[in-house]
Structures are given as structure tokens and as C-alpha cells.
Amino acid sequence: EFINLPAKDISSEGGVSYHLDNSNRLVKDDMYLNGIIGGKTGFTPLAGHNLVAAANKDNHILIGVVINTFWDDNSASAIEIKKLLEWGQANLVYN
């Protein structure tokens, strides 16, 4: 329910408020991907920046995985997976 939102304010049952920011740039205005369902970001020094994301196109779900991008920038995995999913949205044909 929240995976494709850029941010969300929630409250616990005890009334404590929390502001959650999504680290997936594909759901934010600057890199928004049409049809985005959501995704999961990740980083470790060994694996680098990673992103698994899903997008909807014509009632078909495309899933992309980017592992260990070539440059060490926290936008790198989003840039690469956006290119991958946009290619799929533009070029895949369903029968």
C-alpha cells in the first residue's frame, strides 16, 4: 500500500507519529517512472547500489533487477533500472 509513495506519515497505536521517506527515486518527482508499482533499494560495500523494481504496462508487470552499478552514486541503480524498465515498456509485445 505504501511502496509506491514518496513519503508517508504514520502513527502507532500508542499515538507516536513517524515520517517515512521512500529511498526509491522512481516514486519521487525528479525520477518518477510511469507505471511504477514500487521496489526495494539496497547497498553494501561489496554489492554496491542495488534496486529491484516493478512497473505496470498494459496490465503486465515488468520486474527489473540492478546489482552493483558501475559508479558509486546513490542514484546509480535508479538511473539504470529506469532505463531498463522504460525499454521494456516501449519494446515488449504481448500476444
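Here's a quick rundown of the structure. (Residues numbered from 1 in each chain as written. Predicted model: local features only at pLDDT ≥ 70, side-chain atom pairs only at ≥ 80, totals over all residues. Heavy atoms only, no water.)

## Notes on the sheet that holds strand β4 (residues 48-57)
Sheet strands pair via backbone hydrogen bonds, and the direction of the pair is either parallel or antiparallel. Read across the open sheet, the three strands follow the order β3-β4-β5; overall the sheet is antiparallel. Because the sheet does not close on itself, it has two edges, and the strands there are β3 (36-44) and β5 (60-66). Adjacent strand axes in the sheet meet at a mean angle of 10°, parallel and antiparallel pairs treated alike. Bridge count between β3 and β4: eight bridges; the pairing is antiparallel. Residue Gly 42 lies in a different strand from β4, and its bridge partner there is Asn 50. (Pairing = 2+ DSSP bridges. Helix = DSSP H or I, 4+ residues; strand = E, 2+ residues; numbered from the N terminus. Axes fitted to C-alpha atoms, helices over the stretch in contact; angles between N-to-C directions.)

## Describing the pairing of strand β1 (residues 7-11)
In this structure, β1 lies alongside strand β2 (residues 17-21), joined through five bridges in antiparallel fashion. Considered in β2, the bridge of Lys 8 is made with Leu 20. Hairpin connection of β1 to β2: five residues between the antiparallel strands, including Gly 15 at a positive phi of 90°.

## With respect to a nonpolar patch on the surface
The grouping of Ile 3, Ile 37, Val 52, Ile 61, Ile 63, Val 65 and Ile 67 at the surface amounts to a nonpolar patch, some 650 Å² of accessible area in total. Residue contributions to the nonpolar patch peak at three residues, all from β5. Along the polypeptide, Val 52 turns up in strand β4. (Patch = residues over 30% accessible without salt bridge, like charges linked within 9 Å, V, L, I, M, F, W, Y side chains within 5 Å. Areas by Shrake-Rupley, 256 points an atom, 1.4 Å probe, with all protein chains shown as cover. Salt bridge = Lys/Arg side-chain N within 4 Å of Asp/Glu carboxyl O.)

## Concerning the pattern of salt bridges
Scanning the model with the defined rule gives one salt bridge in all. Across the pair Glu 80 and Lys 83 runs a salt bridge whose closest N-O atoms are separated by 3.0 Å. Placement of both Glu 80 and Lys 83 in helix α1 (residues 76-91) is noted, with a separation of three residues, approximately one turn of the helix.

## Here we look at the nonpolar core
Among the nonpolar cores identified, the biggest contains 13 residues, and Leu 26, Leu 33, Ile 36, Leu 51, Ala 53, Ile 81 and Leu 85 are the most heavily contacted of them. Contributing elements (two or more residues each) for this core: β4, β5 and α1. (Core = buried A, V, L, I, M, F, W, Y, C linked by side-chain atoms within 4.5 Å. Buried < 20%, exposed > 50% of the residue type's maximum accessible area, 1.4 Å probe, protein only.)

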